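Understanding the architecture of this molecule
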Amino acid sequence: AEKMILLWCTINRRLEVVDRLLSLRPHELKTHLVDGIVVNHLRTGEEIVLSAQEVGELLVFEMADACDQQFGWQDDLMGGQFYEDLGLSSQKPWQLW
């Protein structure tokens, strides 16, 4: 758990993991992840190798973070009106994907 928290805080998850994987075609994913992926530390630029399992865990955490950011405390703070202009609703979580 501590290693995952460290990774969460020291790499650009969106750019290095999510965007990179989204740019691949489905048949390329398996071969691309076999040996893991190399990402860079945000401050030092040091290369960090992520295993396929770590990549998967980071993706799950990133999706949970997106859900929390879009349908969490902001709705409570803004009275549930904040995302009405976008047509998003906490009653339709599938809209995130």
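Residue positions within a chain follow its written sequence, with the count starting from 1. Per-residue local features of the predicted model are confined to residues with pLDDT of at least 70, and side-chain atom pairs are confined, for both listing and counting, to 80 or more; whole-chain, interface and lining totals are unaffected and use all residues. Excluding hydrogens and water, the side-chain values take into account all heavy atoms of the structure.

Further remarks concern the environment of Ile5. Helix numbering and strand numbering both begin at the N terminus, where a helix is a DSSP run of H or I of at least 4 residues and a strand a DSSP run of E of at least 2. Mapped onto the secondary structure, Ile5 falls in helix H1 (residues 2-10). Put simply, Ile5 and Leu58 are 53 residues apart on the chain and 9.6 Å apart in space, counted from C-alpha to C-alpha.

Turning to its location among the elements, Glu54 is positioned in helix H4 (residues 52-71). Whether a residue is buried, partly exposed or exposed follows from its accessible area with a 1.4 Å probe, protein chains only, as a fraction of its type maximum: under 20%, in between, or over 50%, in that order. Owing to a relative accessible area of 11%, Glu54 belongs among the buried residues under this scheme. A polar contact of 2.8 Å, which involves the side chain of Glu54, links it to the side chain of Lys3. Each polar contact in these results corresponds to two N or O atoms within 3.5 Å; when the atoms are within protein, one needs to be able to donate a hydrogen and the other to accept it, and residues that are neighboring in sequence are counted only if both atoms are side-chain atoms.

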